[in-house]
Amino acid sequence: MRPADLVREALLSVTRFPGRSMLTALGTVLGAAAFVSTLGLVSTLGQQVSASFDVRRATEVLVQPQDQGADTGWQSEKSLQRLRELNGVRAAGPRVLLDERPTTRAIGVPVQGVRLMGVDPPALRVIGPALAEGRLFTEYDERNALRIVLLPRSVADQLGVTRTQAAVFIDNEAYTVAGIFDDVTRRPEALTAALVPFRTAGKLTSANPKRDVIIETAPGAAQQIAHQAPLALKPEAAEALRSIAPPDPKTLRREIEDNVTRSSLMVSLVTLVIGTVSIGNAATASIATRTAEIGLRRAVGGRPAHVFAQLLAETTVLGALGGAVGAFLGVCVTSAVSLWNGWTPVIDLRLALVASAVCAAAGLVAGLVPAARATRIQPVAALQR
Amino acid sequence: MLELIAASRTYDDGHPVHALKPTTLAIGNGEYVTITGPSGSGKSTLLNLLGLLDSPTNGGYRVSGDETAGMSAGHLGSLRGRLFGFVFQAFHLLPGRTALENVELGMLYGPHRRAERRARALRAIEKIGLAHRAHADPRTLSGGERQRIAIARAIAGTPRVLFCDEPTGNLDSANTATVLRLLRELNAEGLTVVVITHDPEVAVAGTRTLTVVDGHVEEA
Ligand SMILES: Nc1ncnc2c1ncn2[C@@H]1O[C@H](COP(=O)(O)OP(=O)(O)OP(=O)(O)O)[C@@H](O)[C@H]1O
Ligand SMILES: [Mg+2]
């Protein structure tokens, strides 16, 4: 008997009852589909992350004290000056975040709770509000701690403020609206707060003001500045400050990919084991209904080795077909999800080949026990009904 | 050509059943042997020994002068495939394969390549008069047609001996007559035929009749 005959026989057996075969191979179909689609989506997403990674966020560093209650000397002009002199710092300024204050457009109009954020002009430059109207703070406003305020569009709408130069009352004190902005380049929390000059905020009392320094760096300098900033701001006790820099996009991407790849492989592996067991079970069960066929094959000259090889070939073909169908499904899923999200699908066809090969191997392993069992069928017993 | 030498067969699951008592028997080339006897007397046991589907518990069996005791299952298998053809009461055609493919299966483990197997299968199907049904699914064939396809499967590889265990057991008298005519033709062409039957009409068709009673084989 030639190998080609063996494969043809196996294909005949497997394809004559496609429904039953597909059910048997369902585990490998799912395993291969999971394998190909998750890995496909990982590389698609990876591509996407690096394509659309926010370069602006990658040039931002935040410095916080370990203990908010402690001294505020590190926010002084002298400290900030040292920081601004560092190579790679584009702008740096202090902030103070106060808790919600009762805010209203006029006495008698409903009051909203709005958080206050005190920023000096360089800090404001780091935040980069996109002004719809009005102006930003100036050094003059800052020096004189003027009662002026910048409102994000959403807060202005809530308060019913429609134009600049209008007054709003914060804690019953009147402030002039200097500008209204639609968006920010950094620090999205500014989109839900009222921005006032740093010194103006410093004069207000607050239960627990949160202080920090925000820095815009040159591209690629964020990690290094994050390292140097605490020392520049507080040379005598740099460890009292903590820098937060965005992760390096390349590292981030690799981490995400590694994580997802690992869990995807786990899921695929588990499904594959289930697939192997289900093929093995189905093959073992089908032996009982196929004793006559096996007896006949023995009667017409089939050796036990032929029976063994045939059943092994069947489960292998079944695994390979299941793997191929699953890989195809996986490619479809990857493409569909990518299309849906407007991404460019990244599909490595080698994955599909690997999936089919691994599933074929699973089928081979699954067939060992039932095939060995089938060789024990005696032709006589099988043929007398 | 086929020689049983004091061969016996005892089934032993729990308590022993002496299905075939020690039997010495020779069947020559070109004979047409019918085997009759009551149910459970040991006819199939005898046929299975002769066809190498089973081995004697004691005694010997020579095929063309070669002792078969001690041969491996694989060796017995190829000997069986080369020299013998089998027809059973239940036709044992595989569903989901055409009549032609079922006939080809009879030669799968033999020496012929695929094209040759196909050519021989077509010839065999023509011989049994079902060429027009070659591509039918066996489930759509009548009982008589199925048994003729089974005979085609048994003879397509040109065996030397054809063993039939109740080949007409599931057939009406018209189909029985067709099958008998076929067997006679095949025998006339030189094929050795060994047939088990309950049917007196079939029993008289042969040139030699063996009667099995309670595991004893007697010439009639
Ligand atoms: N595999 C087996 N295990 C145990 N006993 C068996 C086995 N096969 C046959 N026998 C017993 O051996 C005896 C002979 O059986 P055999 O099948 O040869 O009879 P038979 O003459 O072919 O009967 P029938 O005409 O009903 O087919 C019977 O008593 C039967 O029960
Ligand atoms: Mg019988």
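What you see is a predicted model; the values in this text were computed from it and never measured.

Caption draft 1: The arrangement of the site of ligand 1 in detail. Residue and element names in this part refer to chain B. Taken together, the neighbourhood of ligand 1 is formed by 14 residues, with S39, G40, K43, S44 and T45 sitting nearest. Residue S39 places a side-chain N or O atom 2.5 Å away from an oxygen atom belonging to ligand 1. Take K43: an N or O atom from its side chain is 2.7 Å from an oxygen atom of ligand 1. Expressed as a share of its isolated accessible area of 630 Å², the protein-covered part of ligand 1 is 64%. Every element with two or more residues in the shell around ligand 1 is listed here: β1 (2-13), β2 (15-27) and α1 (43-50). The dominant element in the shell around ligand 1, judged by the number of residues it contributes, is α1, at three residues. A per-class count over the shell around ligand 1 returns four nonpolar, seven polar and three charged.

Caption draft 2: Looking closely at unusual backbone geometry. Even without glycine at this site, A:A145 takes up a positive phi of about 50°. With respect to the element layout, A:A145 can be found in the loop between α6 (139-143) and β5 (148-152). Its identity as a non-glycine residue notwithstanding, B:L52 has a phi of 65°, on the positive side. Summarising the element assignment, B:L52 is placed in the loop between α1 and β4 (58-63). Note on B:L52: relative accessible area 5%, which makes it buried.

Caption draft 3: Main features of the pairing of strand β10 (residues 216-219) of chain B. Residue and element names in this part refer to chain B. In terms of strand pairing, strand β9 (residues 208-213) meets β10 through four bridges, oriented antiparallel. Following the sheet pairing, T211 is matched in β10 by E218. The hairpin turn running from β9 into β10, its antiparallel successor, is two residues long, and D214 in that turn takes a positive phi close to 55°.

Caption draft 4: Focus on helix α4 (residues 77-84) of chain A. Of the positions making up α4(A), those classed as buried are A:S79, A:L80 and A:L83. One side of α4(A) carries all its buried residues, which in axial view fall inside an arc of 95°.

Caption draft 5: Fine view of the nonpolar core. All names here are of chain B. Counting residues in each nonpolar core, the largest one holds 39 residues, and the members touching the most others are L2, I35, L46, Y61, F84, F163 and V194. Excluding residues that lie within four positions of it along the chain, F84 makes contacts with L2, L50, G51, L52, Y61, V63, L79, P159, V161 and F163. V87, A134, A154 and L183 belong to the second-largest nonpolar core, a separate cluster that totals 36 residues.

Caption draft 6: Region of the structure containing the interface of chain B and chain A. Taken residue by residue, the interface counts 34 residues in chain B and 28 residues in chain A. Roughly 2600 Å² is buried in total at the junction of chain B and chain A, and carbon and sulfur atoms are behind 55% of that figure. Three residues stand out in chain B for area buried against chain A, namely B:H92, B:R97 and B:Y109, and they jointly supply 26% of the buried area on that side. Connecting chain B to chain A are three salt bridges. Across the pair A:E9 and B:R97 runs a salt bridge, and its minimum N-O distance is 3.1 Å. Here chain B is connected to chain A by nine residue pairs in polar contact (both at pLDDT 80 or more). At the level of secondary structure, the elements contributing two or more residues to the side of chain B that touches chain A comprise α1, α2 (73-83), β6 (84-88), α3 (99-105) and α4 (114-127) of chain B.

Caption draft 7: Here's a closer look at helix α5 (residues 143-155) of chain B. The terminal C-alpha atoms of α5(B), which comprises 13 residues, lie 19 Å apart, in line with the 18 Å expected from a rise of 1.5 Å per residue. Among the 13 residues that make up α5(B), 11 are buried, leaving the element largely enclosed by the rest of the structure. Of the residues making up α5(B), those classed as buried are B:G144, B:E145, B:Q147, B:R148, B:I149, B:A150, B:I151, B:A152, B:R153, B:A154 and B:I155. Among the structural elements, α11 (291-299) of chain A together with β6, α3, α4, β7 (161-165) and α6 (173-188) of chain B are those in contact with the buried residues of α5(B).

Caption draft 8: Broad picture of the pairing of strand β8 (residues 192-196) of chain B. Residues and elements named next belong to chain B. Within β8, five of the five residues are buried, which leaves it mostly tucked inside the rest of the structure. Of the two faces of β8, the one holding T192, V194 and I196 and the one holding V193 and V195 are both buried throughout. Across four bridges, the pairing between strand β3 (residues 32-36) and β8 is parallel. If you follow Y32 over to β8, its bridge partner there is V193. Bridge count between β7 and β8: five bridges; the pairing is parallel. Bridging from a neighbouring strand, V161 pairs with T192 of β8. A crossover connection joins β7 to the parallel β8 through α6; in handedness this β-α-β unit is right-handed.

Caption draft 9: Spatial organisation of the sheet that holds β1(B). All names here are of chain B. Ordered in space as β2-β1-β4-β5, the four strands form an open sheet in which the pairing is antiparallel. Because the sheet does not close on itself, it has two edges, and the strands there are β2 and β5 (66-67). Sheet topology places β4 next to β5; two bridges connect them, and they run antiparallel. Along β5, the bridge assignment pairs V63 with D66.

Caption draft 10: Geometry of the side chain of B:E31. On the secondary structure map, B:E31 appears in the loop between β2 and β3. When residues no more than four places from it in sequence are discounted, the contact partners of B:E31 are B:A26, B:N187, B:L191, B:T192, B:V193, B:T207 and B:R208.

Caption draft 11: Quick look at the layout of surface pockets. Residue and element names in this part refer to chain A. Each pocket or cavity is described by its volume, and for the largest pocket that value is around 550 Å³. Secondary structure elements with two or more residues in the lining of the largest pocket: α1 (3-16), α2 (18-24), α10 (249-289), α11, α12 (304-341) and α13 (349-374). A total of six residues in the lining of the largest pocket trace back to one element, the largest contributor, which is α10. Across the lining of the largest pocket, the residue classes tally to 16 nonpolar, nine polar and seven charged.

Caption draft 12: Quick peek at the side chain of A:T28. Along the chain, A:T28 turns up in helix α3 (residues 26-52). Excluding its chain neighbours within four sequence positions, the residues that come into contact with A:T28 are A:G275, A:I279, A:G319, A:G322, A:G323 and A:C359.

Rules of the game
Here the residue numbers are simple positions, counted from 1 along each chain's written sequence. All chains are assigned letters beginning with A, and all ligands numbers beginning with 1, in the order in which they are written. In keeping with the model being predicted, local features are shown solely for residues with a pLDDT of at least 70 and side-chain atom pairs are shown and tallied solely at 80 or more, while totals for entire chains, interfaces and linings include all residues. Note that the side-chain values use all heavy atoms of the structure and ignore hydrogens as well as water. A single heavy atom is enough: if one lies within 4 Å of a molecule or strand, its residue is considered near that molecule or strand. Counted as a polar contact is a pair of N or O atoms within 3.5 Å, where, for protein atoms, one must be capable of donating a hydrogen and the other of accepting one, and residues adjacent in sequence contribute only when both atoms are in side chains. In this description, accessible areas are obtained by the Shrake-Rupley approach with a 1.4 Å probe, and a residue is regarded as covered only by the protein chains that are shown. Note on conventions: DSSP H or I runs of at least 4 residues are helices, E runs of at least 2 residues are strands, and numbering of each starts at the N terminus. As a working rule, the residues Ala, Val, Leu, Ile, Met, Phe, Trp, Tyr, Cys and Pro are called nonpolar, Asp, Glu, Lys and Arg charged, and the rest polar, with Gly in that last group. When accessible area is computed with a 1.4 Å probe and restricted to protein chains, residues below 20% of their type maximum are described as buried, those above 50% as exposed, and intermediate ones as partly exposed. Paired strands are those between which DSSP finds at least two bridges. Within this analysis, the arc is defined by the directions that extend from the helix axis to the C-beta atoms. Joining through side-chain atoms within 4.5 Å is the link that ties buried Ala, Val, Leu, Ile, Met, Phe, Trp, Tyr and Cys residues into a set, and such a set is a nonpolar core. Between two residues, a contact is recorded if the distance between any of their heavy atoms is within 4.5 Å. Put simply, buried area is the surface a 1.4 Å probe can reach on two separate parts but cannot reach once they are joined, added for both. Any Lys or Arg side-chain nitrogen located within 4 Å of an Asp or Glu carboxyl oxygen qualifies as a salt bridge. Given the number of residues in a helix, its expected span is that number minus one, multiplied by 1.5 Å. Look down the strands so they point away from you; if going from the first strand over the helix to the second traces a clockwise path, that crossover is right-handed. The method works on a 1 Å grid over the protein atoms by themselves. A cavity is a set of points holding a 1.4 Å probe that cannot get out, a pocket is an open set with protein on both sides within 12 Å along at least five of seven lines, and residues with an atom within 4 Å of a point line them. Grid points are joined across faces, edges and corners, and a volume is the space filled by probe spheres set on the points.

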